[in-house]
Amino acid sequence: MTRVLLLNGPNLGRLGVREPEVYGSLSFADLVESGARWGSELGLEVEVRQTDDESELVHWLHEAVDTRSDVVLNPAAFTHYSYALRDAAAQVTKGGLRLVEVHISNPYAREEFRHLSVVGPVATGTVAGFGFDSYRLALLALAG
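Looking up the protein in an unreviewed UniProt entry gives the name 3-dehydroquinate dehydratase, with the organism given as Sanguibacter inulinus. For the protein, the Catalytic activity (unreviewed entry) comment in UniProt is given as "3-dehydroquinate = 3-dehydroshikimate + H2O". Its UniProt record gives the protein a comment under Sequence similarities (unreviewed entry), which states: "Belongs to the type-II 3-dehydroquinase family."

*Asks:* Help me understand the packing of helix α3 (residues 54–67) against helix α4 (residues 83–94), please; the structure alone is not making it clear to me.
*Replies:* Packed helices, taken two at a time, are described by their axes: the angle between them and the distance between them. Here α3 crosses α4 at 10°, and the two axes come no closer than 8 Å. Considering the angle they form, α3 stands roughly parallel to α4. Along the contact surface, α3 presents E54, L57, V58, L61, H62, A64 and V65, while α4 presents A84, L85, A88, A89, Q91 and V92. The residue makeup of the contact of α3 with α4, split by class, is 10 nonpolar, 2 polar and 1 charged.

*Asks:* I keep staring at α4 and nothing clicks. Help me out?
*Replies:* Two residues of an α-helix separated by three or four positions point the same way, owing to the 3.6 residues in each turn. In a regular helix each residue adds 1.5 Å, so 12 residues correspond to 16 Å; α4 covers 16 Å between its end C-alpha atoms and thus fits that length. Buried residues along α4 sit against α3, β3 (70–74) and β4 (99–103). Positive phi shows up at G96, right after α4, with a value of about 85°.

*Asks:* Please explain the environment of V119 as it appears in this structure.
*Replies:* Among the secondary structure elements, V119 is positioned in the loop between β4 and β5 (125–128). A relative accessible area of 0% places V119 in the buried class. Taking the C-alpha atoms as reference points, V119 and Y83, 36 residues apart in sequence, are found 8.1 Å from one another. V119 has contacts with L73, P75, T79, L85, A89, L99 and E101, leaving out every residue within four places of it along the chain.

*Asks:* Just to check I follow, could you spell out the packing of aromatic side chains for this structure?
*Replies:* Any two aromatic rings considered together are summarised by their centre-to-centre distance and by the angle between their planes. Considering all chains together, one arrives at 2 aromatic pairs under this definition. Centroid distance F78 to Y81: 6.1 Å. Interplanar angle 75°. Geometry classified as edge-to-face. By relative accessible area, Y81 is classed as partly exposed at 47%. Taking 6.1 Å as the distance between ring centres and 85° as the angle between the ring planes, the aromatic pair formed by F132 and Y135 counts as edge-to-face. Accessibility classification places F132 together with Y135 in one group, the buried group.

Reading the values: rules and limits
Residues numbered from 1 in each chain as written. Predicted model: local features only at pLDDT ≥ 70, side-chain atom pairs only at ≥ 80, totals over all residues. Heavy atoms only, no water. UniProt positions renumbered as here; feature names shortened; annotations may be inferred. Axes fitted to C-alpha atoms, helices over the stretch in contact; angles between N-to-C directions. Helix = DSSP H or I, 4+ residues; strand = E, 2+ residues; numbered from the N terminus. Parallel < 35°, antiparallel > 145°, perpendicular 65-115°, else oblique. Contact = heavy atoms within 4.5 Å. Nonpolar A, V, L, I, M, F, W, Y, C, P; charged D, E, K, R; others polar. Expected span 1.5 Å × (residues − 1). Buried < 20%, exposed > 50% of the residue type's maximum accessible area, 1.4 Å probe, protein only. Phe/Tyr/Trp six-rings, centres within 6.5 Å; stacked < 30°, edge-to-face > 60°.

Here it is, written out as structure tokens:
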């Protein structure tokens, strides 16, 4: 069974509370439950995690390389400026694994500073703008 780390960056632990008009009304707990269910349906072993700490997210990407796990990554605000995260993500894809960048909202339909992703150029692909379905679509892509 393919192992997938479904990783989430800063403020995503506040899903359901933070700007529901942008991020929806579902909570992070709902994402954990949905991720496990979608993974099971697709024959994937999915582990959902969230941190507000950039270094922890970098370490989780290192873990993905070391354990040969594919990644679904919502880098959140780190998307736009974290070269440390970009370099760790590149280790995933250059190591022969897949990394799908995910965004709940469409960054290109929001503030201009959100239009730049430093992660996108090293990702296998990007899914954005479909709410929680962005995660499901990313897992579907990894399941083949």
